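Secondary and tertiary structure notes
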Amino acid sequence: AEDAVIETMAHGGNRTQVSRSSAVATGPAGEPLEAERMDPVPSLEKDELEKRRRDVLARAIHTFDRGEIEGVAIQSSVVPCPVCRSVAQRLYVPRFAPQLPISGCTAFDGCHCLYSLPPIDARRRPPPAPAIGYEKIEIPRALRSAALFGPEPKGSATVEDVAQYLDSFPLLPFEANLDTEPGEVVYLTRPARFGWEENLRTGEVVRGIAYPDKQEFLPWARQLGKLSPYPGEALSKKTDGVIHLTNWRIFFGSDRGSRNTGLDSVLLADVTGIECYRDGIALAVTGRYNRLVLLVRDPLQVGLCFARALRDIALLTH
């Protein structure tokens, strides 16, 4: 029960109603969240049924952790028993959802309930910024390296070139062998060291230079002064791996190809500011007192790409 309360309070501050087997997701006023009416579960073989339950629940946990859904629903069979019908009326914190098959199910052929994801808030996963006539965009030869900066970790684009390009042209998606979600495209991939900043007092934080929210990037880039390095003592726990910037999130992979780094991903909609340093960038994230730090090659150019992606998010969600 204590784990259920901690889990829910960490995602939006809602309270949690705890029973012996599950935690019901609740709204801001503590009211239980009801599940939308769903189509009944199709007939599935036992092995396929178990696999689908595991896969959907794992996806629900990650999606809930990213703040994109309020809980996971239970999808009942065509003719549910009274027990399953009752369970299917609520949303649940995914990590504490009722175990399937439902204990006490009285259906003559056994419980066929499945976990189901409710609709995802479109503001948290906006589509790629539309590039009208994308195939016909004429990019000046001098800016082509900047246009290809995202997929080329060893590219030669300067800060001013990337700034000038992003003032006039969109981030370009590219094919990447990554486990992306439907509607998600990749803009940038880079080897990096990353982690959460240690809990420092405000006076101890070495501030970088903030990227502009609305003004053009090129004038900002031209007037940049000398940058300070990021203080290494503020990032004692770092992970070596790869960062990926997409149209709605930043996600992380380790050098061994696993995404089990303890970070998984951060939604761009939750990033409230970016500061640059000589050797990296720091991102302020909603709900976190400490910043996400990315130590990466060409940090100014990488940060410009992040800043442009944030602008696109703002345009598409407001």
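Located above this text is the structure these notes cover.
Not measured: the values here are computed from a predicted model. (Residues numbered from 1 in each chain as written. Predicted model: local features only at pLDDT ≥ 70, side-chain atom pairs only at ≥ 80, totals over all residues. Heavy atoms only, no water.)

**Here we look at the overall build of the protein**
To keep things clear, this is the line we draw: Working definition: helices are DSSP H or I runs of at least four residues, strands are E runs of at least two. Numbering for both runs from the N terminus. The classification of residues rests on relative accessible area computed with a 1.4 Å probe and restricted to protein chains. Under 20% of the type maximum is buried, over 50% is exposed, and intermediate values are partly exposed. Any two residues having at least one pair of non-hydrogen atoms within 4.5 Å are treated as being in contact. Accessible surface is estimated by sampling points in the Shrake-Rupley manner with a 1.4 Å probe; for residues, cover comes only from the protein chains shown.
Check the secondary structure of the protein and you find seven helices and 13 strands. Expressed as a percentage of its 318 residues, the buried residues of the protein come to 47%. Within the protein, counting contacts between residues at least 6 apart in sequence, those at least 24 apart form 67% of the total. With an accessible surface of roughly 17500 Å², the protein has 50% of that area assigned to carbon and sulfur atoms.

**Examining the side chain of Thr246**
To keep things clear, this is the line we draw: Side-chain atoms alone can form a polar contact between residues adjacent in sequence; in general such a contact is a pair of N or O atoms within 3.5 Å, and within protein one must be able to donate a hydrogen while the other accepts it.
Following the sequence through the fold, Thr246 ends up in strand β8 (residues 239-246). Polar contacts involving the side chain of Thr246 include one to the side chain of Glu184, which spans 2.9 Å. Once you skip the residues sitting within four places of it in the chain, Thr246 turns out to touch Glu184, Val185, Val186, Tyr187, Phe251 and Leu268.

**What to know about helix α2 (residues 46-65)**
The condition that has to hold: Multiplying 1.5 Å by the helix residue count minus one yields the expected span of that helix. This arc describes the spread of directions from the helix axis toward the C-beta atoms.
The terminal C-alpha atoms of α2 lie 29 Å apart, and with 20 residues this matches the ideal 28 Å at 1.5 Å per residue to within 8%. Within the sequence span of α2, burial applies to Leu49, Arg53, Val56, Ala60, Ile61, Thr63 and Phe64. Projected down its long axis, α2 shows its buried positions confined to an angular sector of 165°, all on one face. Opposite the packed face of α2, turned more than 90 degrees from it, sit the exposed residues Asp47 and Arg54. At the C-terminal side of α2, Gly67 shows a positive phi close to 80°.

**Here we look at the pairing of strand β13 (residues 292-296)**
Convention followed: Any two strands between which DSSP finds at least two bridges are classified as paired.
Judged by how many residues are buried, β13 sits mostly within the fold: four of five residues are covered. Here strand β6 (residues 186-196) runs beside β13; their pairing, made up of five bridges, is antiparallel. Considered in β13, the bridge of Gly195 is made with Val293. In this sheet, β13 lies alongside strand β12 (residues 280-285) in antiparallel orientation, the contact comprising four bridges. Along β13, the bridge assignment pairs Ile281 with Leu294.

**A look at the environment of Leu283**
With respect to the helices and strands, Leu283 occurs in strand β12. The class of Leu283 is buried, set by a relative accessible area of 1%.

**Quick look at the packing of aromatic side chains**
Going by this rule: Note on aromatic pairs: the rings of Phe, Tyr and Trp (six-membered ring only in Trp) are paired at centre separations within 6.5 Å, and the planes decide the class, stacked below 30 degrees, edge-to-face beyond 60, tilted for the rest. Lysine and arginine charges are scored as sitting over a ring when NZ or CZ, respectively, is within 6 Å of the ring centre and within 35 degrees of the ring normal.
Enumeration according to the criterion identifies four aromatic pairs in this entry. Judged by centre distance (5.2 Å) and plane angle (20°), the ring pair of Tyr165 and Phe169 falls under stacked. On the numbers, 4.9 Å between centres and 40° between planes, the contact of Phe194 with Phe252 is tilted. A residue pair is termed long-range when its members are at least 10 positions apart, and Phe194 in strand β6 and Phe252 in strand β9 (residues 249-254) qualify at 58 residues. By relative accessible area, Phe252 is classed as buried at 0%. For the cation-ring pair, Arg190 lies above Phe149, with the distance from its terminal atom to the ring centre recorded as 4.2 Å.

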